[in-house]
Amino acid sequence: MYKIGLTGGIGSGKSRVADLFADWGAAVIDTDVIAHELTSPGGAAIESIRHEFGPDIISPTGALDRQAMRELVFESPQARQRLESIIHPMISSVTQKRADAAQGCYLVFVVPLLVESGRWRDRVDRICVVDCDPETQIRRVQARSGLTPEAIARIMSAQASREARLAVADDVIVNDGRTSLDELVRHARELHEAWCMRARQ
Ligand code: ADP
């Protein structure tokens, strides 16, 4: 299948764009959604995480306590590595299984940390970046999550820069503070049609 790696910073609009591609007939696999499934109550990663980090990192519902984990990995790069060594192989394996079963005119992998991970260039035919200015990212994420601007800025500082993402992009969808939702749909549709054509070639 023709494969697209879709990425962008937090709040750039990549989930929104991925939903459009899915509506138009693409197969979409979102690695963030898989990470959430693995760390939800009863998720495959929960017991390993409990074993590695102790019971306090698991909330009473049985899910990973995301806030506590965010604090922990922010304080300690080692903790981040330990978490990633549990969760990354699981995400890879689920992603692979879903990719093998995927059906659609092309396949989109939504990967928030595509640029950071460095493992995706060889796995996809094209990298598409949803590009947004940091101020708009903060505004959108604040409206969506209620996190403070400081907490959002902290998450953003752990992500690749706008420039680093643009440097690896084959396609760019501009979705900044001046982009209306109609414009976003129009631009995404143009790419969708171009990818469908390439997928058929
Ligand atoms: P990401 O998946 O990159 O974190 P989302 O797709 O969830 O970002 O978008 C963040 C929020 O901003 C969502 O609530 C989304 O509906 C909104 N949004 C995205 N693009 C636009 C836009 N062009 N105009 C208005 N709201 C937008």
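Quick summary incoming for the structure in this document.

Rules behind the numbers
- Residues numbered from 1 in each chain as written.
- Predicted model: local features only at pLDDT ≥ 70, side-chain atom pairs only at ≥ 80, totals over all residues.
- Heavy atoms only, no water.
- Salt bridge = Lys/Arg side-chain N within 4 Å of Asp/Glu carboxyl O.
- Helix = DSSP H or I, 4+ residues; strand = E, 2+ residues; numbered from the N terminus.
- Buried < 20%, exposed > 50% of the residue type's maximum accessible area, 1.4 Å probe, protein only.
- Near = heavy atom within 4 Å.
- Polar contact = N/O pair within 3.5 Å; in protein donor to acceptor, adjacent residues only side chain to side chain.
- Areas by Shrake-Rupley, 256 points an atom, 1.4 Å probe, with all protein chains shown as cover.
- Phe/Tyr/Trp six-rings, centres within 6.5 Å; stacked < 30°, edge-to-face > 60°.
- Lys NZ or Arg CZ within 6 Å of the ring centre and 35° of its normal.
- Pairing = 2+ DSSP bridges.
- Axes fitted to C-alpha atoms, helices over the stretch in contact; angles between N-to-C directions.
- Contact = heavy atoms within 4.5 Å.

1. Some words on the pattern of salt bridges
Here is step 1: Summed over the entire model, instances satisfying the criterion amount to nine salt bridges.
Here is step 2: We note a salt bridge from R50 to E47, for which the minimum N-O separation is 3.0 Å. Here E47 and R50 lie together in helix 3 (residues 46-53), a separation of three residues that amounts to about one turn.
Here is step 3: For R50, a relative accessible area of 31% puts it in the partly exposed group.
Here is step 4: For D176, the salt bridge identified is with R178, shortest N-O distance 3.2 Å.
Here is step 5: Residue classification places D176 among the buried residues on the basis of a relative accessible area of 10%.

2. Quick word on the site of the ligand
Here is step 1: Around the ligand sit 13 residues in total, of which G11, S15, R16, R144 and N175 are the nearest.
Here is step 2: S12 has a polar side-chain atom sitting 3.3 Å from an oxygen atom of the ligand.
Here is step 3: Within the side chain of R144, an N or O atom sits 2.8 Å from an oxygen atom of the ligand.
Here is step 4: For the ligand, the protein covers 78% of the area, taking 560 Å² as the surface of the free molecule.
Here is step 5: Contributing elements (two or more residues each) for the shell around the ligand: helix 1 (14-23) and helix 7 (134-145).
Here is step 6: Tallying contributions element by element places helix 1 first for the shell around the ligand, with three residues.

3. Concerning the packing of aromatic side chains
Here is step 1: Throughout the structure, instances matching the rule amount to five aromatic pairs.
Here is step 2: Ring geometry for F21 versus Y106: centroids 6.3 Å apart, planes at 70°, classification edge-to-face. Note that F21 is positioned in helix 1 and Y106 in the loop between helix 5 (77-101) and strand 3 (107-110), a separation of 85 residues in sequence.
Here is step 3: With relative accessibility at 0%, the residue Y106 sits in the buried group.
Here is step 4: Clustering of aromatic rings is evident, with ring pairs tying together F21, W24, Y106 and W195.
Here is step 5: Sitting over the face of the ring of W120, R123 holds its NZ or CZ atom 4.9 Å from the ring centroid.
Here is step 6: The ring of W24 has R189 lying over it, and the distance from NZ or CZ to the ring centre is 4.8 Å.

4. Observations regarding the sheet that holds strand 4 (residues 126-131)
Here is step 1: Strand order in the open sheet formed by five strands is 2-3-1-4-5, and the pairing between neighbours is parallel. Every interior strand has two partners, whereas the edge strands, strand 2 (27-30) and strand 5 (171-174), have only one. Here the strands of the sheet are splayed against their neighbours by 20° on average, with no regard to which way each runs.
Here is step 2: Where strand 2 meets strand 3, four bridges bridge the pair, whose relative direction is parallel. Following the sheet pairing, V28 is matched in strand 3 by V108.
Here is step 3: Sheet strands in contact with helix 1 are strand 1 (3-7), strand 2, strand 3, strand 4 and strand 5, and its direction is about 150° off that of strand 1.
Here is step 4: Contacts from helix 2 (residues 31-38) reach strand 2 and strand 3, with the element oriented near 50° to strand 2.

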